[in-house]
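Breakdown of the fold
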Amino acid sequence: MELGAVIKHNLDKAPKTGAWRYMHPEVDKEKCIGCGTCVPFCPEASIEVGSKNKEVRSKKKAEIDYEYCKGCGVCAQVCPVKAIVMKKK
Ligand code: SF4
Ligand code: SF4
């Protein structure tokens, strides 16, 4: 029996997929409740919520890294408060 392997996503080694984008997600920072639901769904691991800086952690909102975001729209689909809207590039 062959065993599978789980390969950790390493952004330092990942090819930049931002140029594939036709649509891009925009986060409405007023609507975003910082729940983090979108983070594990992003196939490019290009969403971060919150900051390592404790002073601004209370204002945690989703941030998208457009160098890697390929515009698939999954984040907009899963956001429970519809804080992400897909727009033409
Ligand atoms: S559009 Fe796709 S690739 Fe871009 S942030 Fe959302 S889930 Fe990730
Ligand atoms: S799922 Fe929506 S509300 Fe939750 S962190 Fe992502 S953008 Fe913000």
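Treat the numbers as computed from the prediction; the structure is a model and nothing was measured. (Residues numbered from 1 in each chain as written. Chains lettered and ligands numbered in written order. Predicted model: local features only at pLDDT ≥ 70, side-chain atom pairs only at ≥ 80, totals over all residues. Heavy atoms only, no water.)

Charged atoms that come close allow side chains of opposite charge to pair. Scanning the model with the defined rule gives four salt bridges in all. Note that Glu26 and Lys87 form a salt bridge whose closest N and O atoms lie 3.2 Å from each other. On the criterion of sequence distance, the pair formed by Glu26 in strand S1 (residues 23-27) and Lys87 in strand S4 (residues 84-88) is long-range, its members being 61 residues apart. Close ionic contact of Glu63 with Lys29 constitutes a salt bridge, the shortest N to O distance being 3.3 Å. Of this pair, Glu63 sits in strand S3 (residues 62-64) while Lys29 sits in the loop between S1 and strand S2 (47-49), and the two are 34 residues apart along the sequence. Lys29 sits in the partly exposed class, given a relative accessible area of 36%. (Salt bridge = Lys/Arg side-chain N within 4 Å of Asp/Glu carboxyl O. Helix = DSSP H or I, 4+ residues; strand = E, 2+ residues; numbered from the N terminus. Buried < 20%, exposed > 50% of the residue type's maximum accessible area, 1.4 Å probe, protein only.)

Moving on, we come to the site of ligand 1. Surveying the vicinity of ligand 1 reveals the residues Pro25, Cys42, Pro43, Ser46, Ile47, Cys69, Lys70, Gly71, Cys72, Gly73 and Cys75. Of the residues belonging to the shell around ligand 1, the class tally is seven nonpolar, three polar and one charged. (Near = heavy atom within 4 Å. Nonpolar A, V, L, I, M, F, W, Y, C, P; charged D, E, K, R; others polar.)

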